[in-house]
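# Tertiary structure, described
Here is how the chains run, residue by residue.
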Amino acid sequence: MAKTASAATGGAPAESGEGLPWLGAAVIVLILPVALWVGAWIVEARMNGVWRDFVEARYGRLTAEEWELVRLESFCDQPEVRGEDFCSHFTYAELSQLGSLLTGAGGVALLAFVAWAGGAARRDHHRLLGLFRLSLALAALGLVGLLAIQSVNLVLVLYLLEVVFIERFHPFILAGIGLSGLVATLAVGGGVLSVFQPVKVTELAVAVTPEEEPELWQVAREVAQEVGTEPPRTILLGLEPNCYVTEVPVRYPGGQSQGRLLYLSLPLLAILERDELRAVLAHEFAHFHGEDTAFSRRFYPLYRGAREALANAVAALGENPRSIAVLPAIPVLGYAVEAFEVAAAERSRLRELEADRTAAQVAGSLAIATALVKVHLAGSAWPSYLRQLRQWSRQDAEARRQWATAVKNSDYARLAELAETMNETMPRMSSSITWHVADAARSKVAPDWLAAGTQPHPVDSHPPLAARLEALRVTLEHGWAGVRASLWPTWDWDAFPLGRREMSRFIPLDLPGPLEPASRLLRDADTLEGAVTVLTAFVLFDLPALLQAAQAERSAGDPGPGRAA
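Here goes a summary of the coordinates provided.

### Notes on the overall build of the chain
- Across its full length, the chain carries 18 helices and 7 strands.
- Going through the 565 residues of the chain one by one, you find that 47% of them count as buried.
- Partitioning the intrachain contacts of the chain with sequence separation of at least 6 by distance along the chain shows that 80% fall at a separation of at least 24.
- When the accessible area of the chain is evaluated, it comes to approximately 27800 Å², of which 58% is carbon and sulfur surface.

And the structure:
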C-alpha cells in the first residue's frame, strides 16, 4: 500500500518537474569550463604581452600592419621554433581554450538532452524506461569523456599559470589534482555501470509456506484469481506497517525470493478486517496484473545507478576539493535523477488509483477506503514504536551486562533485583499499533492530517489519502465511521451500558464491525511476530552495538570476538 511495486524513491529534490532548475544547473555545468577558458586566456594574454615587449625592445614600436606579420601565433607556426617551450606553452593555452569550449558546450548539450527526455517521459509514460535508459547511457559516456578532458585541462591550465607567472611549477600537486579528477571520473562511470549489477533488497521478515499458513495462502490465491493474475510465489510477514508486491529478488533470513513476492505486515493484519485484507491483496495484485512490478524491476536499477553515480560525484568533491573537475557531473546526473523521478512518481500515482479501483471491484469501495485509513494511521505509529523498541533493547543490553557482572561478583542481591527487570517483555508492534489506531478512533472526527488533499511532493509515489478516497467516491467521514465501527471493541466497549447487539443498531449496516482481524487467518500470529520482533531488534540495535564494540577493541589492540587473547 505504501511501497507497492518496489517503486524507488530517493532524496527529495527541491523543485517540481515543471520547474526543474535548468538555469542553475547550466550555470554549474559552465562554471569550470568558463574558469579554465579564462585561465588559458590570461596565460595567452600574458605571453602575448611578453612577446610584444620583447619584439618592441628589439625592433622598436611597430605599426599595426607590421605587428600582424610578427604576431606570436605566426611566429610559433614556424617549424624551427614550434618545439620551443615558449611556443609550446602558447599552443597549450590555445588548446586549453578549445577544450574548455568543447566541454562547456558538451555539458550544456547533455543537460539539454536530459531535460528534453525527462519532459518527454512525463508526457508519455510508455516511453519512460526507454528514455531513461538512453539518457543514462549518453550521460555515462558523455560525462566520462567530458570529465576526463576537463581533468587534464585543469592540470594543464594550472601548469601554464605557474610556469608563465612564477616560472616554476609543482609537479606533485598537479599530479595529485589530475589523479583525483580521474579517480572521481571513474567513480561516476562506475556508478552508472551499476545498472548492470543485480538489485539487492533485504527484508527483516519471515517467509511462510502454504503448508505453514494454508488459510492466508488460500485467500491470496482466491483474490489473485479474481484480479486475473498469478498469485505470488513467496509471502513474507514482517513488522513494518506496509504492504507491497515486487518481482525484484528479496533476501530475508533463511532464503531469497524468486519471482513474485507479497509482503504483509503482521501488525496491520491485527487491525484489518478480512474484507479489508482482501481489498489490500486485490490492490497489490493489481500491480502484478498491470505489470507495475515488471516496470519497477527494470526502472530501479537505472535509477539506482544514476543516484550512485551522483553520490560518488558529490562524495568525491566533498572529500577532496582537488576533484573539482567532476563538478559538471553533479547537475547533469542530478537533473536526470530528478526529471525521471518526477515522471516515475506521476506514473506510480496513476497506477495506485487504478489499483484502488481494482480493489473496490473485488472487495468493495468501503473496504479499501477503511483499509487505506488504517494503513495511514498505522504508519504514523511506526517511528514511536521503533523508539520504544530501541529503548527496550538498550535497557535489556544493560541489564544483561549488569547480570554478568553480578554473577562474576556473586552479588545475589543484585541478581534478584535484575531478575525482576529482565522479566519485562519485549514491546510488540501489534499491541502498540492497535492502541495507537484505536486511541485515534476515539474521536468522532478524523485527524486533520488525513484530510490533506494537496500533493505533498512531486516525487511521492502515492496520491494523498483524500484524492484516493475521492476517486473511490467514499467521503473521509464515511471511511472514518467505518474505521471507528471496526475498532470500537478494541478500546472502549465496556464504557457503553448496552451490549454489542444493542449497540449495533447505531452502526450503519454498510460499515464493518465488530473487529474480525485478518490475523486470525494465521495459525500463530503471536509467535511469528515475536520471532520477527527479536530479529528486528537484534539487526537494528544489538548488531550495530556489537560491531562498534568489536571495532573499539581492535582499535585499542584488545582481542575482539573470535580472536585469541
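### Concerning the packing of helix α9 (residues 274-289) against helix α11 (residues 329-363)
- Taken N-terminus to C-terminus, the directions of α9 and α11 make an angle of 135 degrees; their axes are 8 Å apart at the nearest point. Taken as axis vectors, α9 and α11 run oblique relative to one another. Both α9 and α11 take part in a crossing whose hand is right-handed. Residues Asp275, Arg278, Ala279, Ala282, His283, Ala286 and His287 of α9 form the contact with α11, whose own contacting residues are Arg351, Glu352, Ala355, Asp356, Thr358, Ala359, Val362 and Ala363.
- For the contact of α9 with α11, a count of residues per class yields 7 nonpolar, 3 polar and 5 charged.

### Concerning a nonpolar patch on the surface
- Judged by side-chain polarity, Leu30, Val34, Trp37, Val38, Trp41, Ile42, Leu101, Phe165 and Ile166 come together as a nonpolar surface patch covering roughly 780 Å² of accessible area.
- Looking at the nonpolar patch, the element that brings in the most residues is helix α1 (residues 22-59), giving 6 residues.
- Structurally, Trp37 is set in helix α1.

### Quick word on unusual backbone geometry
- At Arg473, a residue that is not glycine, the phi angle is positive and equals roughly 60 degrees.
- Mapped onto the elements of the fold, Arg473 is located in the loop between α15 (465-472) and α16 (476-487).

### Details of the nonpolar core
- With 70 residues, the main nonpolar core has Leu237 and Phe285 as its most contacted residues.
- Top contributing element to this core by residue count: helix α12 (residues 365-409), with 16 residues.
- For Phe285, the residues in contact, after removing those within four places along its chain, are Ala220, Val223, Ala224, Val227, Thr229, Pro232, Val245 and Leu262.

### A few points about the sheet that holds strand β5 (residues 250-252)
- Spatial ordering of the open sheet is given by β1-β5-β6, a layout of 3 strands whose pairing is mixed. In the strand order of this sheet, the two ends are held by β1 (201-202) and β6 (255-256), each with one partner.
- Strand direction decides the pairing type here: β5 and β6, joined by 2 bridges, are antiparallel. Paired with Arg251 across the bridge in β6 is Gln256.

### Observations concerning the packing of α12 against α16
- Contact pair α12 / α16: the axes reach a minimum separation of 9 Å and the direction vectors enclose 75 degrees. As summarised for this structure, α12 and α16 are arranged roughly perpendicular, according to the angle between their axes. Residues Leu366, Thr370, Val373, Lys374 and Leu377 of α12 lie in contact with α16, whose contacting residues are Leu476, His478, Gly479, Trp480, Gly482, Val483, Ser486 and Leu487.
- Among the residues forming the contact of α12 with α16, the class breakdown is 7 nonpolar, 5 polar and 1 charged.

The rules behind each value
Residues numbered from 1 in each chain as written. Predicted model: local features only at pLDDT ≥ 70, side-chain atom pairs only at ≥ 80, totals over all residues. Heavy atoms only, no water. Helix = DSSP H or I, 4+ residues; strand = E, 2+ residues; numbered from the N terminus. Buried < 20%, exposed > 50% of the residue type's maximum accessible area, 1.4 Å probe, protein only. Contact = heavy atoms within 4.5 Å. Areas by Shrake-Rupley, 256 points an atom, 1.4 Å probe, with all protein chains shown as cover. Axes fitted to C-alpha atoms, helices over the stretch in contact; angles between N-to-C directions. Parallel < 35°, antiparallel > 145°, perpendicular 65-115°, else oblique. Left-handed = near helix turned anticlockwise from the far one by under 90°. Nonpolar A, V, L, I, M, F, W, Y, C, P; charged D, E, K, R; others polar. Patch = residues over 30% accessible without salt bridge, like charges linked within 9 Å, V, L, I, M, F, W, Y side chains within 5 Å. Salt bridge = Lys/Arg side-chain N within 4 Å of Asp/Glu carboxyl O. Core = buried A, V, L, I, M, F, W, Y, C linked by side-chain atoms within 4.5 Å. Pairing = 2+ DSSP bridges.

Spatial relationships are all this shows, so hold off on functional conclusions.
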